[in-house]
Amino acid sequence: MSRMLPSRAALFLVAAIAGCAGSPASPEPDVMDVTLHAPVEQVTAAVADVLSQDGYTVDQDDSGNVTTGMRQEIRSPWNWLLRWRFGVGKTRVEARVVPQDESTTRLRLQVFHRGKDGLFDTWEDAETPLPQSAANEIRRIKNALRLL
């Protein structure tokens, strides 16, 4: 009986350590897929305008893809330092604009957010903050198109 106690204690200790060593759960993708009652040219222009106003550098191609770089958090020469070392979050956006007919457009917008807690932590996928969320970006695009 005394030999069983150390082996059970060791087994319990290994199980407890293995249970705590798992990686944190990754957040759900922040994606919105909507149909807008506006021509594709107006939707593409509104997406680019809204994202530019929000601090993103916007790249467009002819197939309807709109991508951005990382969002500029502050407008200063120190923005790179904030994002690279100190920043608690950085986001980028990918959008796909597809015409359905002359007056209807399908928009799929996804926001990618990465965050960290401190100077020496690594960037990890994180929950998107509300101001940069896909739902808020869609709301701002609808507002720019005067569809609200």
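No experiment lies behind these values; they were computed from the predicted model shown.

A few points about the nonpolar core
Nonpolar side chains in soluble globular proteins tend to end up buried together.
So, point 1. Residues L36, V43, V47, L107, L109, I141 and L145 are the most contacted members of the largest nonpolar core, which totals 20 residues.
So, point 2. Counting residues per element, the ones that place at least two in this core are strand 1 (30-36), helix 2 (40-53), strand 4 (89-99), strand 5 (105-115) and helix 4 (134-144).
So, point 3. Among the elements that make up this core, the one with the highest residue count is helix 2 (five residues).
So, point 4. The residues contacting L109, other than those within four sequence positions of it, are D30, V31, M32, V93, E94, A95, A134, E137, I138 and I141.

Here's the deal with the environment of N136
So, point 1. Relative to the elements of secondary structure, N136 occurs in helix 4.
So, point 2. With relative accessibility at 16%, the residue N136 sits in the buried group.
So, point 3. In sequence terms N136 and M32 are 104 residues apart; their C-alpha atoms lie 9.8 Å from each other.
So, point 4. If near-sequence neighbours (up to four positions away) are discounted, N136 is found in contact with L130 and P131.

Overview of helix 2
So, point 1. End to end, helix 2 covers 20 Å across 14 residues, agreeing with the expected 20 Å (1.5 Å per residue, within 8%).
So, point 2. Taken residue by residue, helix 2 has V43, T44, A46, V47, A48, V50 and L51 as its buried positions.
So, point 3. At its buried positions, helix 2 is contacted by strand 1, strand 2 (58-60), strand 3 (65-68), strand 4, strand 5 and helix 4.
So, point 4. Trailing helix 2 by a residue or two, G55 shows a phi angle of about 100°, which is positive.

Each value, and the rule that gives it
Each chain carries its own residue numbering, running from 1 in the direction its sequence is written. Restriction of local features to residues with pLDDT of at least 70 applies here, the model being predicted, together with a cutoff of 80 or more for giving and counting side-chain atom pairs; totals for whole chains, interfaces and linings are based on all residues. Side-chain descriptors were evaluated using all non-hydrogen atoms of the structure, hydrogens and water having been removed beforehand. Residue types Ala, Val, Leu, Ile, Met, Phe, Trp, Tyr and Cys, when buried and joined through side-chain atoms within 4.5 Å, form a set referred to as a nonpolar core. Any residue under 20% of the maximum accessible area for its type is buried, any over 50% is exposed, and the rest in between are partly exposed; the area is computed with a 1.4 Å probe on protein chains only. By the criteria applied, helices consist of DSSP H or I runs no shorter than four residues and strands consist of E runs no shorter than two, each listed in order from the N terminus. Contacts are assigned to residue pairs with any non-hydrogen atoms lying within 4.5 Å of each other. Each residue after the first adds 1.5 Å to the expected span of a helix.

Keep in mind that these numbers describe shape and distance, not what the molecule does.
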